[in-house]
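# Residue-level structural notes
So the chains spell out like this:
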Amino acid sequence: MIDVQHLTKIYGEFKAVDDFSFRVGPGEIVGLIGPNGAGKTSTLRCIVGIQAPSAGTVTVGGHDIVKQAVEAKRQLAFMADEPQLFSYLTVMEHLRLTARLYRVRDVDMRAKALLSELQLAGKEHALPGELSRGMKQKVAIACGLLHDPAALLFDEPLTGLDPLGIRHMKETIVSRGRAGAAVIVSSHLLHLVEEICTRIVIIDRGVKVADATLAELQARPELSAAGSSLEEIFISATAGEP
Amino acid sequence: MFGTLLYLTGCTIKNRVKRRLQRLREPRYLIGLIVGLLYLWFALFRNAGNRRAAGAAVRGAAPIAAIAGPFQFVGSLLLLATAAAAWLWPGVGHAVTFSRAEVQFLFTAPVTRRQLVHYEVLRSQLGILFGSAIATLFLRGGAPGRGWTLLAGLWVLLLVVRLHLMGVRLRRTSLAQHGASGLARQWLPLAVIVAAVGTLAAAVIGDWGRLTSLAGAGEVFRELQRLGGTGAAGAVLWPFRALARLPLAASTAEFGRALPVPLLLLALNYAWVLRSDAAFEEASAEHAEKRATHRGAPRAAVKGAAPTPFTLATDGPPETAILWKNLILIGRFASLRTLVRLLPIVIVFGIIVSTGGGRGVAAVAAAICLPLAAFAILMGSQMARNDLRQDLGNLALLKTWPVRGAELIRGEVLAPTAVVTAATWALLLASAVLGSGLRAGGAGWSLFMAHRYSYLAAVAILAPALVLSQTIVQNALAVLFPAWVSASGPRSRGIEAMGQRLLMMAVLFLTLVVAVLPGALVAAVLAGVVYWLTGTVPVVLPALVAAAVIVGECWLAAEGLGRVLERTDVSAVEPQE
């Protein structure tokens, strides 16, 4: 579903992502982890078309994100770490706008179900300024899920959520994966990645250093020497502090 | 502790200057600085030239001196309006300007509120002094007194205004904290403001018969000035007039005589602000939060959502959805408030229409509406920014939408075009209704009056096309040079920012000429053919054709810009200062 091939992203003279390739199939939940400044967000932004790759290709559902941007984006949803909402639109208006842009017909029914799933019922007419950060995050996620995307990308999805929200968010991600969506979760919360991801991709200084299931990573002698937890593997793979 | 706060101020200034110098390595700032300096040099050089030309004989009788009375009158009205607006509308007078970082560091530190108030007052002096100095540089050639009296006068005036706005803000916050009972206690200043405005209105209404019978705008203004200087209205305006008088002092002696009242006002406001310090932290924190959330939004969110301009259907082109979104931006934050603010103007217009009979004040109003309509066509798109310029802060989100770049551009430019066109049409309609009694000499004027409805219809047809072309150019600048467009957050300051704005203005007008030229040529050819066939000069038909050509150009421009937007990197958008 998501195919990243030889992706390179350069800012000026700084190479943020260097010849990075990986694939995410339907039903897979891939954890993209790496230290600060490793190139995770740049990778996600290139995948969803916010930034153009300096080199390499990204396809979503067989559509090139640069050449067939509209078709590719129609299958995508990106939940950024900092929820971006229009301060002058209510929760329901965000959903209506999203529905129109993504050609969702039964917006009222879907919106109701999503708002209920994300504990936003009763907040339909609230403006972002009246919502907590966690609630804004949920609104952004509701907008992302509204068109039932085939590929989902989460950048630090648990930021700002309360314990109940965290549990629901994990369930939401897992249920989307089980329903056949290709999911990428970028997070520093290694226990989250360990818990919900079916595969893990580790990136460091723009370069892929590992791409395997947790069991496969644990089986590698050079990584498992330090221990068997993802945290220990991560530190070993990136040769430093996470 | 004061030394620490002084250290903070010093570091802030030092680093700001350093950053300004560093960013000159970027061509856009360097070019902006050069243009800004050239403008300043040209303006000052011309001032100096004018002074030399005027000669020593007319020293002290230069332009501003000649209109010192009207200047003082208008200044006093503006000062009263500022004070009234600060009390009547929350949001006016954000005079407590701490950043979120300052709130975080200073308000948790062992610093007294009084020290923070002093720090805020002292810190604001930099901006006030700089603003006064620039104004002095521009005005000193025409000012009646010496440079230093103008500078000192402006400084005291701006300082009093600043302190008063700060006091209003603190007072309002303090009262609001006590809920309904607190707001109820606000009746006294509100009553004073309403009484002051009412006194002025009563003076105008009492003299209404004379005002409507006067021939020209000059006579109307002089009568208003007389009213503002006598009786109860004169008493209401007295403190404001005393303040406005200070920078206009013609000599050191006159400055000395004019100084006591402004100094008294300064002392009173200062004492008032210090007494209101209990609400200081709350007001500062609230404002810091609003400034921080300003990114991507024109104002902080308000409680309760107003109705949308229309119901968005689930099917249809994305352009309509973006238009819907951007109209909400205006409607939600401005509709009710704007209507309330416009209400007095509408009432005055109603009175004019019902009593003026198309003469006197009505004719003046009609004569004002026409240039205002022209101003709306030419400059409206610079003010109505509910398009991509506003959305640049949300570019990352916009780029995830499954929408072609051209569709996005078209959707974005529709809302400001609709709003400015509506305003232009309203002004044209007002001028047509009120202008029946306009009198002027010359055969050309008679010809214009005879066919004025045709001309106004032609302008009304051309208006949306011209506004659309201007809006497209504005959005093109945002797409092609996103870093040049102040999308959101604090407005860029400095000479280089001024130069950037001047340069963009020049580009805008140049592009307007280029955009209008093909349409004008086609319309001229059509008008020539019709004249050759019928012997009459058509106006409306060529306007329609010209408008169609301009709209066609805009469509093509949107297609081209859309492709550029699709390739635009979000990182090209200027980070906030």
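Note that the structure is a prediction, hence the values are computed from the model and not measured. Every chain begins its residue count from 1, and numbering advances along the sequence as written. Written order determines the labels here, with chains lettered from A and ligands numbered from 1. Per-residue local features are limited, in this predicted model, to residues with pLDDT of at least 70; the limit for side-chain atom pairs, both in listing and counting, is 80 or more; totals at the level of whole chains, interfaces and linings are taken over all residues. Side-chain measures here rest on the full set of heavy atoms in the structure, leaving out hydrogens and waters.

## What about the overall build of chain A?
Formally: For the purposes of this entry, the term helix denotes a DSSP run of H or I that reaches at least four residues, the term strand denotes a run of E that reaches at least two, and both are numbered from the N terminus. Radius of gyration here is computed from C-alpha atoms only, and the compact-globule reference equals 2.2 Å multiplied by the residue count raised to the power 0.38. Throughout, a contact is declared for two residues whenever any of their heavy atoms are within 4.5 Å. Throughout, the Shrake-Rupley method with a 1.4 Å probe supplies accessible areas, and for residues the shown protein chains are the sole cover considered. A residue counts as positive if it is Lys or Arg and as negative if it is Asp or Glu; His and the chain ends are not included. By convention, the charge on Lys lies at NZ, on Arg at CZ, on Asp at CG and on Glu at CD.
Scanning chain A for helices and strands turns up 10 helices and 10 strands. Radius of gyration (C-alpha) of chain A: 18 Å, near the 18 Å computed for a compact globule of 242 residues. Sequence-distant contacts in chain A: of pairs separated by 6 or more residues, those separated by 24 or more amount to 65%. For chain A, the exposed area adds up to about 9900 Å²; of that, 51% sits on carbon and sulfur atoms. Charge centroids of chain A, computed over 26 positive and 29 negative side chains, lie 7 Å from each other.

## Considering helix α14 (residues 260-275) of chain B
All names here are of chain B. Condition: Expected helix span is computed as 1.5 Å times (number of residues minus one). Only protein chains enter the area calculation, which uses a 1.4 Å probe; residues under 20% of their type maximum are buried, those over 50% are exposed, and those in between are partly exposed. Each C-beta atom gives one direction from the helix axis, and the arc is the one those directions make.
Compared with an ideal rise of 1.5 Å per residue, which puts 16 residues at 22 Å, α14 spans 22 Å between its outermost C-alpha atoms and is within 8% of the ideal. Buried within α14 are the following residues: Pro262, Leu265, Leu266, Asn269, Val273 and Leu274. Down the axis of α14, the sector holding all buried residues measures 165°, keeping them to one side. Away from its buried face, by an angle of more than 90 degrees, α14 presents the exposed residues Leu264, Leu268 and Arg275.

## Considering the side chain of Thr43(A)
For Thr43(A), the position within the fold is in helix α1 (residues 40-48). Setting aside its immediate chain neighbours within four residues, Thr43(A) contacts Leu7(A), Val17(A), Phe20(A), Phe22(A), Leu32(A) and Ile203(A).

## Some remarks on the sheet that holds strand β9 (residues 199-204) of chain A
All names here are of chain A. Quick note on the threshold: Pairing between two strands is assigned when DSSP locates at least 2 bridges connecting them. Fitting a line to C-alpha atoms yields each axis, with helices limited to the stretch in contact; the angle taken between N-to-C directions then spans 0 to 180 degrees.
Spatially, 6 strands are ordered β6-β7-β8-β3-β9-β10 in an open sheet, and the strand pairing comes out mixed. The open sheet is flanked by β6 (76-79) and β10 (207-212), the only strands paired with a single partner. Strand-to-strand, the axes of this sheet are offset by a mean angle of 15°, without reference to chain direction. Where β6 meets strand β7 (residues 151-155), 4 bridges bridge the pair, whose relative direction is parallel. Looking at β7, one finds that Phe78 is bridged to Leu153. Its contacts with the sheet put α1 on β3 (29-33), β6, β7, β8 (182-186) and β9, and the angle it makes with β7 is roughly 150°.

## With respect to the nonpolar core
Note the following rule: Only buried residues count toward a nonpolar core, which is a set of Ala, Val, Leu, Ile, Met, Phe, Trp, Tyr and Cys residues joined through side-chain atoms within 4.5 Å.
One finds Ile2(A), Leu95(A), Leu153(A), Ile184(A), Val185(A) and Trp401(B) to be the most contacted residues of the largest nonpolar core, which totals 119 residues. At 8 residues, the largest contribution of residues to this core is made by helix α22 (residues 452-480) of chain B. Excluding residues within four positions of it along the chain, Leu95(A) makes contact with Val107(A), Ala111(A), Leu115(A), Ala142(A), Cys143(A) and Leu146(A). Grouped together as the second largest cluster of nonpolar side chains are 38 residues, Leu163(B), Val168(B), Ala196(B) and Leu265(B) included.

## Observations concerning the packing of helix α20 (residues 405-434) of chain B against α22(B)
Residues and elements named next belong to chain B. What counts, and what does not: Here roughly perpendicular refers to angles of 65 to 115 degrees, roughly parallel to angles under 35, roughly antiparallel to angles over 145, and oblique to all remaining angles. Crossing handedness is defined as follows: a turn of the near helix away from the far one that is anticlockwise and smaller than a right angle gives a left-handed crossing, while the clockwise case is right-handed. For this scheme, ten residues count as nonpolar: Ala, Val, Leu, Ile, Met, Phe, Trp, Tyr, Cys and Pro. Four count as charged, namely Asp, Glu, Lys and Arg, and the remainder, Gly too, count as polar.
Their axes nearest at 9 Å, the elements α20 and α22 cross at an angle of 150°. In terms of axis orientation, α20 runs roughly antiparallel to α22. Where α20 crosses over α22, the handedness of that crossing is right-handed. When the residues that make up the contact of α20 with α22 are grouped by side-chain class, the tally is 17 nonpolar, 6 polar and 2 charged.

## Quick look at the interface of chain B and chain A
Rule in force here: What gets called buried area is simply the loss in accessible area from a 1.4 Å probe that two parts show on being joined, summed for both. Any Lys or Arg side-chain nitrogen found within 4 Å of a carboxyl oxygen on Asp or Glu counts as a salt bridge. What qualifies as a polar contact is a pair of N or O atoms within 3.5 Å, subject to a donor-acceptor requirement within protein and to the restriction that residues adjacent in sequence count only when both atoms come from side chains.
Between chain B and chain A, the contact holds 40 residues from the first and 31 residues from the second. Taken together, the two surfaces of chain B and chain A that pack against each other cover about 3100 Å², and 62% of this comes from carbon and sulfur. Together, Thr314(B), Thr400(B) and Pro402(B) form the three largest contributors to the area buried by chain B at its contact with chain A, with a combined 20%. Across the contact surface, chain B and chain A share 1 salt bridge. Of the charged contacts, one joins Arg105(A) and Asp315(B) as a salt bridge, the two residues approaching to 3.2 Å between their closest N and O atoms. Applying the counting criterion to the chain B and chain A interface returns 11 residue pairs in polar contact (both at pLDDT 80 or more). Secondary structure elements with two or more residues in the side of chain B that touches chain A: α16 (318-356) and α19 (395-398) of chain B. In terms of residue count, the dominant contributor to the side of chain B that touches chain A is α16(B) (10 residues). In terms of residue class, the side of chain B that touches chain A is made up of 20 nonpolar, 11 polar and 9 charged.

## Details of the packing of α22(B) against helix α24 (residues 540-567) of chain B
Residue and element names in this part refer to chain B. Contact geometry for α22 and α24: axes closest at 9 Å, N-to-C directions at 10°. Here α24 runs roughly parallel to α22, going by the angle between their axes. Along this stretch, α22 crosses α24, giving a crossing that reads as left-handed. Classifying every residue of the contact of α22 with α24 by side-chain character gives 24 nonpolar, 2 polar and no charged.

## Some remarks on the packing of aromatic side chains
Quick reminder of the rule: Ring pairs shown here join Phe, Tyr and Trp side chains whose ring centres sit within 6.5 Å, with only the six-membered ring taken for Trp; geometry is labelled stacked below 30 degrees between planes, edge-to-face above 60, and tilted in between. Both a distance and an angle decide whether a charge sits over a ring: NZ of Lys or CZ of Arg must be within 6 Å of the ring centre and within 35 degrees of the ring normal.
Overall, the coordinates contain 5 aromatic pairs over all chains when judged by the stated rule. Taking the centre distance of 5.2 Å and the plane angle of 65° together, the rings of Trp148(B) and Phe255(B) count as edge-to-face. A residue pair is termed long-range when its members are at least 10 positions apart, and Trp148(B) in helix α7 (residues 147-176) and Phe255(B) in helix α13 (residues 252-258) qualify at 107 residues. Of the residues examined, Trp148(B) reaches a relative accessible area of 42% and is grouped as partly exposed. Here Phe255(B) falls in the buried class, since its relative accessible area comes to 6%. An aromatic cluster of three or more residues is present, and its members are Phe86(A), Tyr88(A) and Trp401(B). Lying over the aromatic face of Phe86(A), Lys325(B) brings its terminal NZ or CZ to 4.3 Å of the ring centre. In this structure, Arg410(B) is placed above the aromatic ring of Trp555(B), and the distance from its NZ or CZ to the ring centre is 3.8 Å.

## Here we look at the sheet that holds strand β2 (residues 14-24) of chain A
If you trace the 4 strands from one edge of the open sheet to the other, you get β2-β1-β4-β5 (chain A), paired in antiparallel fashion. Two strands close off the open sheet at either side, each with one partner strand: β2 and β5 (63-64) of chain A.

## Brief notes about the pattern of salt bridges
All names here are of chain A. Applying the stated criterion across every chain yields a total of 19 salt bridges over all chains. Residue Asp204 is joined to Arg205 by a salt bridge in which the shortest nitrogen-to-oxygen separation is 3.2 Å. Residue classification places Asp204 among the buried residues on the basis of a relative accessible area of 10%. Notably, a salt bridge pairs Lys208 with Asp211, separated by 3.5 Å at the nearest N-O pair. For Lys208, a relative accessible area of 32% gives the class partly exposed. For Asp211, a relative accessible area of 25% corresponds to the partly exposed category.

## Focus on the side chain of Ser42(A)
Mapped onto the elements, Ser42(A) comes out in helix α1. Filtering out sequence-adjacent residues up to four positions away, Ser42(A) remains in contact with Tyr11(A), Ala16(A), Val17(A) and Gln51(A).

## Observations concerning the pairing of β3(A)
Residues and elements named next belong to chain A. Burial analysis of β3 places 5 of its 5 residues in the buried class, which makes it a mostly covered element. Burial along β3 is two-sided: the residues Ile29, Gly31 and Ile33 and Val30 and Leu32 are all buried. Here β3 runs beside β8; their pairing, made up of 4 bridges, is parallel. Pairing of Val30 across the sheet is with Ile184, part of β8. As paired strands, β3 and β9 are joined by 4 bridges and run parallel to one another. Across the sheet, the residue bridging to Gly31 is Ile200, located in β9.

## Regarding the confidence of the model for chain B
Where the model shows low pLDDT, its predicted coordinates should not be examined in detail. All names here are of chain B. Heads up, the condition is: A score from 0 to 100, pLDDT tells how confident the predictor is in each residue.
Averaged over all residues, the pLDDT of chain B is 77; the fraction at 70 or higher stands at 73%. Here helix α8 (residues 179-184) is the element of chain B with the lowest mean pLDDT, 56, and α24 is the one with the highest, 93. Segment residues 55-62: pLDDT under 50, and 4 contacts once partners within four positions in sequence are set aside and those in other chains are kept. Note on residues 295-303: pLDDT under 50 across the span, and 25 contacts to partners over four residues away in sequence or across chains. Across the assembled chains, the prediction reports ipTM 0.84 with pTM 0.72.

## Section: a nonpolar patch on the surface
Residue and element names in this part refer to chain B. Rule in force here: In this scheme, patches are assembled from residues that exceed 30% relative accessible area and form no salt bridge. Like charges are connected within 9 Å, while nonpolar side chains (Val, Leu, Ile, Met, Phe, Trp, Tyr) are connected within 5 Å.
On the surface, a cluster of nonpolar side chains totalling about 530 Å² of accessible area is made up of Leu30, Ile34, Leu38, Trp41 and Phe42. The topology assignment puts Trp41 in helix α2 (residues 27-54). Owing to a relative accessible area of 52%, Trp41 belongs among the exposed residues under this scheme.

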